[in-house]
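Okay, here's what each chain looks like letter by letter:
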Amino acid sequence: MTESVKGIIPPMVTPLLDDDTLDTAGLERLVEHLIGGKVDGLFLLGTTGEGPSLQYTLKEELVRRTCELVQGRVPVLVGVTDSSYRESVNMAEKAARYGAQGLVMAPPFYFQIDQEELHNHVDAFTDESPLPVYLYNMPSLTKAAFSLEMVAGLVEKPGIVGFKDSSANLTYFNKVRRLVKQGPGFSLLVGPEELLMETMIMGGDGGIPGGANIFPELYVSLHEEIRSGSVENGLRLHGRIMDLGSHVFGDTLHGSSDVINGIKCALHILGICSGHLAKPLKQASPEKAKKIRSYLENYTGSR
């Protein structure tokens, strides 16, 4: 049985010098920063990684260089979501060639597809995939969600080893938890870090939190405290995570760039990588950058 990845798996940002050029020095610093923070894996080319904005050659370079830098120290998961089925398969094959350990697939975006079309898409991809597959529920960006009936069927399919839920719907998450057979061969993960503590208490296996790019040890500590049964300490760390989100993402989120430009701005201030975002997303404003800098200067640690 293939073991799935559990714990804290940051959705790694893609360090960029411009829309078409990878910040290779920044990538190396970022990978070491995350592994040094004791994360359980890395997730490339997700929403936080600006996957849909990047040209295919740059995506391939990112996967290749990251796998070379990681050298098997932690599992690398690669996002393969695309409006083109064949491009998803192409990226899957490249990820396997470069040494990734798993693939993450959300519903294809653009067309409004029904549940039969989505099921057929995932079923065909899993049969063709060279690596284990994690399903990614992100209805706010893909316009399609995995119904509970579909989840019940797909989680029994060989080759599907995990489910990431970014719906921010705790009722849906809890119903999925009751459907899946969690164990070494399957992991149930949450996307929104604001729900990491609650979903772990409910029985989730960890999360894919964007803020872990900045302070990976904070999220790893929360995961460890909840796993050990220390809810009181978990609540304290949860408060720090909420504080990070308020200062870095903003209290009112108006779009994807609010989260991503905040993370990249913080990483730039910390000297880890460039703060550039690929079009169409915008950079952090000078006012936001000033607020983030003040927060980082006063940050007191993860424990």
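Up top is the structure these notes are about.
Residues numbered from 1 in each chain as written. Predicted model: local features only at pLDDT ≥ 70, side-chain atom pairs only at ≥ 80, totals over all residues. Heavy atoms only, no water.

Draft legend 1. Inspection of the nonpolar core at higher detail. Counting 79 residues, the largest nonpolar core has M12, V78, F146, F163 and L244 as the members making the most contacts within it. If you look at the next biggest cluster of nonpolar residues, it comprises 12 residues, including I9, F43, Y136 and L189. (Core = buried A, V, L, I, M, F, W, Y, C linked by side-chain atoms within 4.5 Å. Buried < 20%, exposed > 50% of the residue type's maximum accessible area, 1.4 Å probe, protein only.)

Draft legend 2. Inspection of the pairing of strand β6 (residues 102–105) at higher detail. Side chains G102 and V104 project from β6 onto one buried face, and the interleaved L103 and M105 project onto a second face that is buried too. Bridge count between strand β5 (residues 76–79) and β6: 3 bridges; the pairing is parallel. Directly across from G79, in β6, lies its bridge partner V104. Following the backbone out of β5, through helix α3 (residues 85–98) and into the adjacent parallel β6, one traces a crossover that is right-handed. (Helix = DSSP H or I, 4+ residues; strand = E, 2+ residues; numbered from the N terminus. Pairing = 2+ DSSP bridges. Right-handed = clockwise from strand over helix to strand, strands pointing away.)

Draft legend 3. Representation of the sheet that holds strand β8 (residues 160–165) within the structure. With parallel pairing, 8 strands are arranged side by side in an open sheet as β1-β10-β9-β8-β7-β6-β5-β4. The open sheet terminates on both sides in strands that have one partner only, identified here as β1 (7–8) and β4 (42–44). In terms of strand pairing, β8 meets strand β9 (residues 187–190) through 4 bridges, oriented parallel. Among the inter-strand pairings, F163 is bridged to a residue of β9, identified as L188. Contacts between helix α4 (residues 115–128) and the sheet are confined to β6, β7 (133–137) and β8, with β6 contributing the most and set at about 170° to the helix. (Contact = heavy atoms within 4.5 Å. Axes fitted to C-alpha atoms, helices over the stretch in contact; angles between N-to-C directions.)

Draft legend 4. A look at the packing of aromatic side chains. Counted according to the given criterion, the structure contains 6 aromatic pairs. Measuring from ring centre to ring centre gives 6.2 Å for F43 and Y136, while their planes differ by 80°; the resulting arrangement is edge-to-face. In this pair, F43 is assigned in strand β4 and Y136 in strand β7, connecting sequence segments 93 residues apart. We note that F43, like Y136, is buried. The interplanar angle of 5° and the centroid separation of 3.7 Å between the aromatic rings of F215 and Y299 together place this pair among those described as stacked. Of this pair, F215 sits in the loop between β10 (206–207) and α9 (216–227) while Y299 sits in the segment after α12 (286–297), and the two are 84 residues apart along the sequence. Taken as a pair, F215 and Y299 share a single burial class, namely buried. Aromatic rings pair up to connect F146, F163 and Y172 into one cluster. (Phe/Tyr/Trp six-rings, centres within 6.5 Å; stacked < 30°, edge-to-face > 60°.)

Draft legend 5. How the structure looks around the packing of α3 against α4. Running from N to C, α3 and α4 point in directions that differ by 30°, and their axes come no closer than 11 Å. With respect to α4, the axis of α3 lies roughly parallel. Helix-helix and strand crossings are classified by hand; for α3 and α4 the assignment is right-handed. Note on element contacts: α4 touches α3 through H121, A124, F125 and E128, opposite Y85, R86, S88, V89 and A92. Here the residues of the contact of α3 with α4 sort into 5 nonpolar, 2 polar and 2 charged. (Parallel < 35°, antiparallel > 145°, perpendicular 65-115°, else oblique. Left-handed = near helix turned anticlockwise from the far one by under 90°. Nonpolar A, V, L, I, M, F, W, Y, C, P; charged D, E, K, R; others polar.)

Draft legend 6. Up close: the pattern of salt bridges. For the structure on display, the rule yields 10 salt bridges. Salt-bridge contacts for R64 lead to E68; the nearest nitrogen and oxygen are separated by 3.5 Å. Linking R64 with E68, this pair stays in helix α2 (residues 56–70), spanning 4 residues, or about one helical turn. With its nearest N and O atoms 2.8 Å apart, the salt bridge here joins E128 to R86. With E128 in helix α4 and R86 in helix α3, the pair connects residues that are 42 residues apart, well separated along the chain. Residue classification places E128 among the partly exposed residues on the basis of a relative accessible area of 34%. Through salt bridges with shared partners, a single network forms among D123, D127 and K157. (Salt bridge = Lys/Arg side-chain N within 4 Å of Asp/Glu carboxyl O.)

Draft legend 7. How the structure looks around α4. Helix length check: α4 (14 residues) gives 20 Å between terminal C-alpha atoms against 20 Å at 1.5 Å per residue, within 8%. Buried residues of α4: L118, H121, V122, F125 and T126, and no others. End-on, the buried residues of α4 take up no more than an arc of 120°, which puts them together on one face. Away from its buried face by more than 90 degrees, α4 exposes E116 and D127. On its buried face, α4 is in contact with α3, β6, β7, α6 (148–154) and β8. (Expected span 1.5 Å × (residues − 1). Arc of directions from axis to C-beta.)

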